[in-house]
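Notes for the structure review
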Amino acid sequence: TDENFENIDLRSCMDYTNNFKRSKHPDETNYETLVSMYGAVSNRRLRSVSAQEDTRSNYIQKKHTELVEKLLEKREIAHLFGWRLIHKKSYGEEYESVVGSGCRLRVHLLLTEH
């Protein structure tokens, strides 16, 4: 990586630069640097996902979607749908809900002026 802001722009994401627009994507040298730092990773999956884990993941995703839709539709009665208000400020709110399977969901809402 290049950690000098003042030298020529290398146009890669691991280049420290003052011109961020042209340095958003990795190039081959970035991948080579990561391999030298962390080693190569094979293309195989490190562990297989069991059918039970896959079902749990699908359940959590479905529950997430349902909970967030209800929160956005009826924020003022969100507690009736399992949401707990964690923080509230004039510009935002933070809610938490138990999704199930030992997982919790936190949502941060940025509020616009009315």
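One can find the structure itself at the top, above this paragraph.
Residues numbered from 1 in each chain as written. Predicted model: local features only at pLDDT ≥ 70, side-chain atom pairs only at ≥ 80, totals over all residues. Heavy atoms only, no water.

The next subject is the overall build of the protein. Per the secondary structure count, the protein includes two helices and three strands. Helices (α) and strands (β) of the protein occur, in sequence order from the N terminus, as α-α-β-β-β. The proportion of buried residues among the 114 residues of the protein is 21%. For the protein, the accessible surface area stands at approximately 9,500 Å², while carbon and sulfur atoms represent 52% of it. (Helix = DSSP H or I, 4+ residues; strand = E, 2+ residues; numbered from the N terminus. Buried < 20%, exposed > 50% of the residue type's maximum accessible area, 1.4 Å probe, protein only. Areas by Shrake-Rupley, 256 points an atom, 1.4 Å probe, with all protein chains shown as cover.)

Before going further, it helps to spend a moment on the pairing of strand β1 (residues 83–89). Judged from the six bridges that link them, β1 and strand β2 (residues 92–100) form a sheet pairing that is antiparallel. The residue bridging Trp83 from the neighbouring strand is Ser97, located in β2. Taking the residues between adjacent antiparallel strands as the criterion, β1 and β2 are bridged by two residues. (Pairing = 2+ DSSP bridges.)

This part is about the sheet that holds β2. The pairing of strands in a sheet comes from backbone hydrogen bonds and takes either a parallel or an antiparallel form. In spatial order, the strands read β1-β2-β3; together these three strands make up an open sheet with antiparallel pairing. Of all the strands in the sheet, the pair left with one neighbour each is β1 and β3 (103–110). The sheet shows a mean angle of 20 degrees between the axes of neighbouring strands, taken without regard to direction. (Axes fitted to C-alpha atoms, helices over the stretch in contact; angles between N-to-C directions.)

Let us look at the nonpolar core. Leu67, Val68, Leu71, Ala78, Trp83, Tyr95, Val99, Leu105, Val107 and Leu109 form the largest nonpolar core, which has ten residues in total. Those residues in contact with Val68 that sit more than four places away from it in its chain are Trp83, Leu105 and Val107. (Core = buried A, V, L, I, M, F, W, Y, C linked by side-chain atoms within 4.5 Å. Contact = heavy atoms within 4.5 Å.)

Looking now at the side chain of Ser97. Turning to its location among the elements, Ser97 is positioned in strand β2. Ser97 sits in the buried class, given a relative accessible area of 3%. Each residue touching Ser97, except ones within four places of it in the same chain, is listed here: Leu67, Gly82, Trp83, Cys103, Arg104 and Leu105.

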